[in-house]
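Fold and contact review
Residues per chain are reported as follows:
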Amino acid sequence: MKLFGTSKVNENGNLSIGGVDTVELVKEFKTPLYVMDQELIETTIDKMKEAFKSTRFNTRIAYAGKAFLSTGMIKLVESKGLDLDVVSGGELYTAHKAGFPMNKVHLHGNNKLVNEIEMAVEFGIDTIVVDNEDEIDKIERICREKGKKQAVLVRIDPGIEAHTHHYIKTSGLTSKFGISLFQDNLFDIIKRLNDSEWIEFKGFHTHIGSQIFQSAFFIFALDEIFKYLDKLKKELGIVVHTVNMGGGFGVYYKEGDDPKPIEEVLSEIITYTEAMEIKYQIGFKELCIEPGRSIVGNAGTTLYEVGGIKETVGGKTYVFIDGGMSDNIRTALYQAEYEAGVVNKLNDTDVREITLAGKLCESGDIIIEKGKLPKATEIGDIVAVTTTGAYCYTMSSNYNRMMRPAVVFVKDGKAKVAVKRETLDDLIRNDEIFDL
Ligand SMILES: Cc1ncc(COP(=O)(O)O)c(C=O)c1O
Ligand SMILES: N[C@@H](CCCC[NH3+])C(=O)O
């Protein structure tokens, strides 16, 4: 099992994260437990900021909140000077309640609801990323009603099919996201936005998918976008100032994954954009990205307790844990792969193949289909699954009336609760017994 950031085997032979022994963490906070390595999040952001800089144009990094969001995480993002990308009224409201500066918020979504757009305009957020034509009518109407002008980017689908799981690709000729670069009326859409009394058209957004390892796909997308910006300037005289390249930078999950260091990918993007800017001379001013997974993915570890070990007649060994697809649905949804270890047996090399299965009433409730754990794994052991910082807590559910685990941030030997564990009473909070 690969360890990231401050994770290490401590003097007691236990996994420690942020200087906190995971055995102690479990005594205090119980299992399942999401543990976030705060220092790793912070140093990753610092590296990104350092690499994503140019002397030719302004740069901005927005954290994609869908990867992991809580009011505490938003405070951390603010303290690091990043912008925030939100994709629903719920995420926007969370940012508002956390006191995040609204002029650094960007709103996404392929079907933004009227009340979400109203909230965004009311709060005075930085940009709405227009996903389709219908949305333009809604934004104009809401801005007119409120007497407020709203800056927008248009989400462009450059038709780049990146190598990643089908469900997490967001570009291609049949994508539900964005307006295709090959759409006949794209010029008309841009003209309309540019001429609108209530909309300030700032530029283009593109996001081709998530968990992408080959940086060439980002470069292909940039290439397409810049060719189009040139065409737009020459044929319509419209100058686009801002391009947002979205997120999607892949991270290590399991043996064989070999992502390029994020700072190299970002430097490549900067160098290529600078070359494009010199080549086309379009008066481009600002390049943005909005990474999620690459900021928090490796920083998260989920701790579970082993409740049983089953040898099937078919020769498969299950290790049962006290969570499952309710706290990590990624294996069931995308056949995601993870690594795991027993927190007090990380150096035990006498291992065997196991399937790490949850406790929910689904055969597909698997966290690791083919993993390795020590032969000495026993009931009561604590299993750590790494790289669960992104899209696990945020995609969690109450299926089978499971209670969502707590999230703790660890740093410098201290653990701080970011999200409390749900209780049995939380499960029935919104239920009503109605007249039969
Ligand atoms: C528009 C947009 N921006 C940013 C992200 C963040 O992606 P990732 O977590 O892969 O960096 C996503 C998710 O894929 C997205 O849809
Ligand atoms: N939720 C996905 C990524 C999709 C990101 C949003 N477009 C994952 O776990 O990998």
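Described below are features of the structure shown in this document. Here the residue index of a chain counts from 1 through its sequence in written order. All chains are assigned letters beginning with A, and all ligands numbers beginning with 1, in the order in which they are written. In keeping with the model being predicted, local features are shown solely for residues with a pLDDT of at least 70 and side-chain atom pairs are shown and tallied solely at 80 or more, while totals for entire chains, interfaces and linings include all residues. Only hydrogens and water are set aside; all other atoms, that is, all heavy atoms of the structure, feed into the side-chain values.

Observations regarding the overall build of the protein
Applied cut-off: Secondary structure is summarised from DSSP: a helix means a run of H or I of at least four residues, a strand means a run of E of at least two, and numbering begins at the N terminus for each. The cut-offs for exposure are 20% and 50% of the maximum accessible area for each residue type, with area from a 1.4 Å probe on protein chains only; residues under the lower value are buried, those over the upper are exposed, and the others partly exposed. In this analysis, two residues are considered to be in contact whenever any of their non-hydrogen atoms come within 4.5 Å of each other. The Shrake-Rupley method, run with a 1.4 Å probe sphere, supplies the accessible areas, and residue values consider only the shown protein chains as cover.
Counting its regular elements, the protein contains 12 helices and 21 strands. By its C-alpha atoms, the protein is 70 × 60 × 45 Å across when sized along the principal axes. With 436 residues in all, the protein has 55% of them scored as buried. Within the protein, contacts between residues separated by at least 24 positions form 70% of all contacts whose residues are at least 6 apart in sequence. Surface summary for the protein: the accessible area is close to 19,100 Å², and the carbon and sulfur share equals 49%.

Regarding the site of ligand 2
Put simply, the rule is: Nearness here has a simple test: a residue counts as near a molecule or strand if at least one of its heavy atoms is within 4 Å of that partner. Any N or O atom pair separated by 3.5 Å or less is treated as a polar contact, with the protein-specific requirement of one donor-capable and one acceptor-capable atom, and with residues adjacent in sequence counted only for side-chain atom pairs.
With respect to spatial proximity, 8 residues lie near ligand 2, and among them Arg 293, Arg 330, Tyr 334, Tyr 391 and Met 395 are the closest. Here an oxygen atom of ligand 2 and a side-chain polar atom of Arg 293 are 2.6 Å apart. Arg 330 is positioned with one of its side-chain polar atoms (N or O) 2.5 Å from an oxygen atom of ligand 2. Considered on its own, ligand 2 offers 310 Å² of accessible surface; in the complex 84% of this is hidden by protein.

Topic: the packing of helix α6 (residues 133–146) against helix α7 (residues 186–195)
Applicable threshold: Angular values range over 0 to 180 degrees, each being the angle between N-to-C directions of two axes fitted as lines to C-alpha atoms, with helices fitted over their stretch in contact. When describing relative orientation, an angle under 35 degrees is termed roughly parallel and one over 145 degrees roughly antiparallel, while 65 to 115 degrees is termed roughly perpendicular and anything else oblique. Each residue is assigned to one class: nonpolar for Ala, Val, Leu, Ile, Met, Phe, Trp, Tyr, Cys and Pro, charged for Asp, Glu, Lys and Arg, and polar for all the others, Gly among them.
Put simply, α6 and α7 touch, their axes get as near as 11 Å, and they point 10° apart. Taken together, the axes of α6 and α7 lie roughly parallel to each other. Packed against α6, whose contacting residues are Glu 133, Ile 136, Asp 137 and Glu 140, the element α7 presents Ile 189, Arg 192 and Leu 193 at the interface. Residues of the contact of α6 with α7, tallied by class, amount to 3 nonpolar, no polar and 4 charged.

Brief notes about the site of ligand 1
Around ligand 1 there are 14 residues in total, and His 207, Ser 210, Glu 290, Arg 293 and Tyr 391 lie nearest to it. Side-chain polar atom of Lys 66 to an oxygen atom of ligand 1: 3.3 Å apart, as the coordinates give it. At a separation of 2.8 Å, an oxygen atom of ligand 1 approaches a polar backbone atom of Arg 293. Relative to its unbound accessible surface of 390 Å², ligand 1 loses 93% to contact with the protein. When its residues are assigned to classes, the shell around ligand 1 shows 3 nonpolar, 6 polar and 5 charged.

So, the pairing of strand β14 (residues 300–311)
Quick note on the threshold: When DSSP locates at least two bridges between a pair of strands, those strands are taken to pair.
Sheet topology note: the strand β4 (residues 33–37)/β14 ladder contains 4 bridges and is antiparallel. Bridging from a neighbouring strand, Val 35 pairs with Thr 301 of β14. Note that β14 and strand β19 (residues 382–386) share 5 bridges and pair antiparallel. The residue of β19 that forms the bridge with Thr 301 is Thr 386. Pairing geometry for β14 and strand β15 (residues 317–321), over 5 bridges, is antiparallel.

Examining the nonpolar core
The tendency in soluble globular proteins is for nonpolar side chains to be buried as a group. Rule in force here: For our purposes a nonpolar core is just a set of buried Ala, Val, Leu, Ile, Met, Phe, Trp, Tyr and Cys residues, chained together by side-chain atoms within 4.5 Å.
Counting residues in each nonpolar core, the largest one holds 110 residues, and the members touching the most others are Ile 41, Tyr 63, Phe 204, Val 296 and Leu 356. It is helix α8 (residues 216–236) that contributes the most residues to this core, 10 residues altogether. Each residue touching Tyr 63, except ones within four places of it in the same chain, is listed here: Phe 68, Leu 69, Met 73, Val 77, Leu 82, Asp 83, Leu 84, Asp 85, Pro 291, Gly 292, Ile 295 and Val 296. Within the second largest apolar cluster, 15 residues are counted, among which are Leu 25, Val 35, Ala 384 and Val 408.

Geometric values such as these leave the question of function open.
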